[in-house]
Amino acid sequence: MQFSTRLPIAVHILMCLAVFEGQYKMTSAFLAGSIGVNPVVVRNILGQLKAAGLVQVEAGVGGAALVRPADEITLLDVFDAVEDGENLFRLHENPNPRCPVGGRIKEVLNKRLESVQEVMRRELRSVTLRDLLNDWQSGSTAQPH
């Protein structure tokens, strides 16, 4: 199973907003240059982050900025902002109800997958943007694009 790239792109955006605050205007074009995606992708994700109360965005060339301090933004906040996290695992829709396995697969598998999902959410909740910035600072000497 592979998740979408929205979470890593959203984290990349937030890290840029924190690292380059006051140095550069945080436009979708600037952010897209760092991330390596189309500015439309950045604008869409910025809209989701704004709706979740994580960033503020000024229309036009105004740019974006963090609304909360980096130590108050968790990966779970970001995940919930950009992903439909209600059910991470989507089961096949039409198992054969007459089959001994097919008739109970959803019931059996859902319990376990819900547990896995909760563990993942707990881990995401334990990591802040500040943690990621600290990791980046301890190993980075690179300049922006």
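Up top is the structure these notes are about.
Cut-offs used in this document
- Residues numbered from 1 in each chain as written.
- Predicted model: local features only at pLDDT ≥ 70, side-chain atom pairs only at ≥ 80, totals over all residues.
- Heavy atoms only, no water.
- Helix = DSSP H or I, 4+ residues; strand = E, 2+ residues; numbered from the N terminus.
- Rg over C-alpha atoms; globule rule 2.2 N^0.38 Å.
- Buried < 20%, exposed > 50% of the residue type's maximum accessible area, 1.4 Å probe, protein only.
- Contact = heavy atoms within 4.5 Å.
- Areas by Shrake-Rupley, 256 points an atom, 1.4 Å probe, with all protein chains shown as cover.
- Phe/Tyr/Trp six-rings, centres within 6.5 Å; stacked < 30°, edge-to-face > 60°.
- Core = buried A, V, L, I, M, F, W, Y, C linked by side-chain atoms within 4.5 Å.
- Expected span 1.5 Å × (residues − 1).

1. Some words on the overall build of the protein chain
Counting its secondary structure elements, the protein chain contains six helices and two strands. Starting at the N terminus and ending at the C terminus, the protein chain contains elements arranged as α-α-α-β-β-α-α-α. Taken against the 2.2 N^0.38 rule, which gives 15 Å for 145 residues, the C-alpha radius of gyration of the protein chain at 19 Å runs more than 25% over that of a compact globule. The principal-axis extent of the C-alpha atoms belonging to the protein chain is close to 65 × 30 × 25 Å. Out of the 145 residues in the protein chain, the part that is buried amounts to 32%. Pairs at least 24 apart in sequence give 62% of the contacts found in the protein chain among residues at least 6 apart. In the structure as shown, the protein chain presents an accessible area of about 9200 Å², 51% of it carried by carbon and sulfur atoms.

2. Re the packing of aromatic side chains
According to the stated counting rule, one finds three aromatic pairs in the structure shown. Consider the rings of F20 and Y24, whose centres lie 5.5 Å apart with planes at 90°: the pair is edge-to-face. Classification of F20 by relative accessible area gives buried; the value is 10%. On the numbers, 5.6 Å between centres and 85° between planes, the contact of F20 with F30 is edge-to-face. On the criterion of sequence distance, the pair formed by F20 in the loop between α1 (6–19) and α2 (28–35) and F30 in helix α2 is long-range, its members being ten residues apart. Among the aromatic residues, those joined into a cluster by ring pairs are F20, Y24 and F30.

3. As for the nonpolar core
Among the nonpolar cores identified, the biggest contains 35 residues, and I13, L14, L17, L31, L49 and V78 are the most heavily contacted of them. Ranked by the residues each element gives to this core, the list is headed by α1, at nine residues. Filtering out sequence-adjacent residues up to four positions away, L49 remains in contact with A10, I13, L14, L54, V55, V78, A81 and V82.

4. Some thoughts on helix α5 (residues 105–125)
Along its 21 residues, α5 runs 30 Å from first to last C-alpha, staying within 8% of the 30 Å computed at 1.5 Å per residue. Buried residues of α5: L113, Q117, R121 and L124, and no others. Buried residues along α5 sit in contact with α4 (75–82).

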